[in-house]
Amino acid sequence: MKKQVIFWLLIMITKCVYAQSWNNVGLGMVGGGPTSLNSFEKLYIGVNCSGTCNFSGVPVDGIVTLSGNDIDTLGSGVFGYVNDAAWFNGKLIVGGNIFCADIPPDCIPFTQNIAAWDSLTGWSSITPSGGTNTNIQCMEVYNNEIYIGGMMTTVDGISCNRMAKYNGTSWS
């Protein structure tokens, strides 16, 4: 019994030692900082900067992806800051303090503070009547619905009290 305890104690200590090893990610972020991380085949990094920052030398507008050493943007990105992101119905939904998806004057309509990314079709709206009236701070998928939270009092033209959910068809 004593040997088993010592064995497991050594394994736990070894794991703790290795868990404390950190490495740089590329050349890092210049001009802003990561606000959210989400993975699905790649690491998707939301950024609190638009137009004036870069990640390892790649210009960033709101969001960037990292796959191994490859850094890429999602189309033209978003004009604003991405606070959170979640995968829902095969699309990456991003929320934050976003003026629009893509960059003016090529804004995608109705993508204020929330937008959807699909690698085949690019940016789109999931709020056909017009985004949210102010920023989104967080989001999470639960029971096949996506929940958003923030300071907003309307989403897609519907009243809400700083929290709303979307079932893939309608907001409530």
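**Some words on the overall build of the protein chain**
Step number 1: Along its length, the protein chain carries one helix and 14 strands.
Step number 2: Sorting the 172 residues of the protein chain into buried and exposed places 39% on the buried side.
Step number 3: Considering only contacts in the protein chain between residues 6 or more positions apart, those separated by 24 or more positions represent 32%.
Step number 4: A total of about 10,100 Å² of accessible surface is found on the protein chain, and carbon and sulfur atoms cover 56% of it.

**A closer look at the nonpolar core**
Step number 1: Counting residues in each nonpolar core, the largest one holds 16 residues, and the members touching the most others are Ile93, Ile114, Ile126, Met139, Ile146, Ile148 and Trp171.
Step number 2: Setting aside its immediate chain neighbours within four residues, Trp171 contacts Ile114, Ile126, Thr127, Ile148, Val155, Asp156, Ile158, Ala164, Lys165 and Tyr166.
Step number 3: Listed in part, the 13 residues of the second largest apolar core include Val78, Ala85, Val94 and Trp117.

**With respect to the sheet that holds strand S11 (residues 145–150)**
Step number 1: Read across the sheet, three strands follow the order S10-S11-S14 without closing on themselves; strand pairing throughout is antiparallel. Bordering the open sheet on either side are strand S10 (136–142) and strand S14 (163–166), each of which pairs with just one other strand. Neighbour to neighbour, the strand axes of the sheet diverge by 20 degrees on average, direction disregarded.
Step number 2: For S11 and S14, the ladder comprises four bridges, and the chain directions are antiparallel.

**Some details on the environment of Gly90**
Step number 1: Note on placement: Gly90 falls in the loop between strand S6 (78–88) and strand S7 (91–101).
Step number 2: On the basis of relative accessible area, Gly90 is assigned to the exposed category, the value being 60%.

**Re the state of the cysteines**
Step number 1: Taken as a whole and judged by the stated rule, the model has one disulfide.
Step number 2: Shown here is the disulfide that connects Cys100 with Cys107, its sulfur atoms set 2.0 Å apart. Classification of the bridge connecting Cys100 and Cys107 rests on its S-S torsion, roughly -45 degrees, and on that basis the disulfide is left-handed.

**Topic: the confidence of the model for the protein chain**
Step number 1: Residues with a pLDDT of 70 or more make up 75% of the protein chain, whose mean pLDDT is 80.
Step number 2: For the protein chain, per-element mean pLDDT is lowest for helix H1 (residues 2–19), which scores 51, and highest for S14, which scores 95.

**Regarding the sheet that holds strand S8 (residues 114–118)**
Step number 1: Spatially, four strands are ordered S6-S7-S8-S9 in an open sheet, and the strand pairing comes out antiparallel. Strand pairing shows two members of the sheet lacking a second neighbour, S6 and strand S9 (122–124), which therefore form its edges. On average, adjacent strands in this sheet sit at an angle of 35 degrees to one another, irrespective of strand direction.
Step number 2: Sheet topology places S6 next to S7; 10 bridges connect them, and they run antiparallel. Its bridge partner lying in S7, Gly80 is registered against Ile98.

**Let's talk about the pairing of S6**
Step number 1: Burial runs high along S6: eight of the 11 residues are buried.
Step number 2: In this structure, the hairpin formed by S6 and S7 is closed by a connection of two residues, where Asn89 is found at a positive phi of approximately 50 degrees.

**Considering the side chain of Ser124**
Step number 1: Its location among the elements puts Ser124 in strand S9.
Step number 2: The class of Ser124 is buried, set by a relative accessible area of 19%.
Step number 3: Ser124 has contacts with Lys91, Ile108, Thr111, Ala115 and Ala116, leaving out every residue within four places of it along the chain.

**Observations concerning the side chain of Asn135**
Step number 1: Of note, Asn135 is situated in the loop between S9 and S10.
Step number 2: For Asn135, a relative accessible area of 15% translates into the label buried.
Step number 3: A polar side-chain atom of Asn135 sits 3.4 Å from a polar atom in the side chain of Thr134.
Step number 4: Residues in contact with Asn135, not counting those within four places in the same chain, are Asn83, Gly96, Asn97, Asn113, Gly150, Met151 and Met152.

What counts as what
Residues numbered from 1 in each chain as written. Predicted model: local features only at pLDDT ≥ 70, side-chain atom pairs only at ≥ 80, totals over all residues. Heavy atoms only, no water. Helix = DSSP H or I, 4+ residues; strand = E, 2+ residues; numbered from the N terminus. Buried < 20%, exposed > 50% of the residue type's maximum accessible area, 1.4 Å probe, protein only. Contact = heavy atoms within 4.5 Å. Areas by Shrake-Rupley, 256 points an atom, 1.4 Å probe, with all protein chains shown as cover. Core = buried A, V, L, I, M, F, W, Y, C linked by side-chain atoms within 4.5 Å. Pairing = 2+ DSSP bridges. Axes fitted to C-alpha atoms, helices over the stretch in contact; angles between N-to-C directions. Disulfide = S-S within 2.5 Å. pLDDT = per-residue confidence, 0-100. Polar contact = N/O pair within 3.5 Å; in protein donor to acceptor, adjacent residues only side chain to side chain.

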